[in-house]
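Survey of secondary and tertiary structure
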Amino acid sequence: MRPSRRVLTAGLCLAVTALTLTTTRATRPADAAPRAAAPTTLVALGDSWAAGTAAGGAPLVDPAGADGTSCRRTVASYPARTGPRLAPGAWTSRACASTSGGPDTQFTALTPAVTRVTITVGADASGLGALAGACAAGGTPAATAGRCDAAAARTDRALAALGPALDSSFADIRRRAPGARLVLTTYPRLTEGLSCAAGAADPGAARRLDDTVTRLDGILTDRARAAGVTVVDVRRAFVAHSSCARQPWITPFAGTDPLRTGAPTAAGQTVIANAVDAATAQPTATGPRPTIAASLPLPLPLLRDAPGRLLAPLFPG
């Protein structure tokens, strides 16, 4: 008995379906493989200010899988705000709070694929937090003045070594990420000349702190511009929000942890993030970058062992 036309048609459909499924499975092996991670295009470098150590919040875990616990990176830091906006899923923060010496490992995140690097550095290396704590209100005027003078002398020696260390660091960053745009932030005045229970002990100590920040910012700005680095000056944004203001964006000076002393609060980190966003959104200037003299930079380990050495690594690991 010959099969009916309906049976033949059904059998043909089943055969075609089976062939289609077999072909689809054979030509889609990549579906089962995990997708490769997107290359990192934005890297944040720096000290406790960039890590957001004083701002509070949970430890930062960025898309690169880096846990910021050991370096005291927090979700309140400005890189944790700018990264998702400027490079979603392709950013990492290597900023690290520093209290002692150690190898420079932040730069290992830099590759030729990186297109933007943010930098906030100089406060930890110069001992700015320790200076703020030494000049804080509390104790007798004579004792406070003695502590403030001694800390200021240490900071002065560190600032003297900062310029060559910056030159060496900028050159190293350029070598590792030759096509990246470098963006460096300054530091705001901590007191704006005011003294109070949460800030400087007296107007003289306040002026000393602000003068130190002004010198630090001057060194950062001069060396950055010489290296073709974009400078984001945050000082104007912090006006009327220093340590003794009604709405301070700077943490109190009293305390045992210099990395949480005289540093940005969560609100201050937001202000820095907005300034960095605005600067990096602007087109990069065309033309050749200024060249740093090859004879000027010195290896960072030599700088740390030299007279007036830095109090901490410039880029701690």
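Values in this document were obtained by computation on a predicted structure and should not be read as measured data. (Residues numbered from 1 in each chain as written. Predicted model: local features only at pLDDT ≥ 70, side-chain atom pairs only at ≥ 80, totals over all residues. Heavy atoms only, no water.)

Digging into the pattern of salt bridges
With the rule as written, the count across this model stands at 10 salt bridges. Across the salt bridge formed by R223 and D167, the nearest N and O atoms sit 2.3 Å from each other. Residue R223 is found in helix α7 (residues 203-226), and its partner D167 is found in helix α6 (residues 141-176); the two are separated by 56 residues along the sequence. A residue is classified by how much of its surface remains accessible, and R223, at 25% relative accessible area, is partly exposed. Two residues, D172 and R175, come together in a salt bridge whose shortest N-O distance is 3.8 Å. With a gap of three residues between them, D172 and R175 both fall in helix α6, about one helical turn apart. Residue classification places R175 among the exposed positions, given a relative accessible area of 60%. Shared partners join several salt bridges into a network, and the residues in it are D172, R175 and R176. (Salt bridge = Lys/Arg side-chain N within 4 Å of Asp/Glu carboxyl O. Helix = DSSP H or I, 4+ residues; strand = E, 2+ residues; numbered from the N terminus. Buried < 20%, exposed > 50% of the residue type's maximum accessible area, 1.4 Å probe, protein only.)

A short note on unusual backbone geometry
With phi around 60°, R72 is a residue other than glycine that occupies positive phi space. By the element assignment, R72 lies in the loop between α2 (48-51) and α3 (78-86). A relative accessible area of 30% places R72 in the partly exposed class. Here A240, not a glycine, exhibits a phi torsion of approximately 70°, which is positive. Looking at the element boundaries, A240 is found in the loop between β5 (230-232) and α8 (266-281).

Describing the packing of α3 against α8
For the pair α3 and α8, interaxial distance at closest approach is 8 Å and the crossing angle is 35°. In this structure, the crossing between α3 and α8 has a hand that is right-handed. Packed against α3, whose contacting residues are Y78, R81, T82, R85 and L86, the element α8 presents A266, Q269, T270, I272, A273, N274, V276, D277 and T280 at the interface. Taken together, the residues that form the contact of α3 with α8 break down as six nonpolar, five polar and three charged. (Axes fitted to C-alpha atoms, helices over the stretch in contact; angles between N-to-C directions. Left-handed = near helix turned anticlockwise from the far one by under 90°. Contact = heavy atoms within 4.5 Å. Nonpolar A, V, L, I, M, F, W, Y, C, P; charged D, E, K, R; others polar.)

Points about the confidence of the model for the chain
When pLDDT is averaged along the chain, the result is 83, and 77% of the positions lie at 70 or above. Across residues 7-35, confidence stays below pLDDT 50; counting only partners more than four residues off in sequence or on other chains, it has one contact. Of the regions scoring below 50 in pLDDT, residues 285-311 engages in 47 contacts with residues more than four places distant in sequence or in other chains. (pLDDT = per-residue confidence, 0-100.)

Here we look at α7
Relative to the 34 Å expected for 24 residues at 1.5 Å per residue, α7 spans 34 Å between its end C-alpha atoms, a close match to the ideal helical length. Restricting attention to buried positions, one finds in α7 the residues A205, A206, L209, D210, T212, V213, L216, D217, L220, T221 and A224. Buried residues along α7 sit in contact with α4 (123-126), α5 (128-134), α6, β4 (181-185) and β5. The backbone nitrogen of G204 lies 3.0 Å from a side-chain oxygen of the residue at the head of α7, namely D202. (Expected span 1.5 Å × (residues − 1). Polar contact = N/O pair within 3.5 Å; in protein donor to acceptor, adjacent residues only side chain to side chain.)

Some words on the packing of aromatic side chains
If you walk through the whole model with that rule in mind, you get three aromatic pairs. The interplanar angle of 85° and the centroid separation of 5.7 Å between the aromatic rings of F238 and W249 together place this pair among those described as edge-to-face. Placement of F238 in the loop between β5 and α8 and of W249 in the loop between β5 and α8 is noted, with a sequence separation of 11 residues between them. Of the residues examined, W249 reaches a relative accessible area of 17% and is grouped as buried. (Phe/Tyr/Trp six-rings, centres within 6.5 Å; stacked < 30°, edge-to-face > 60°.)

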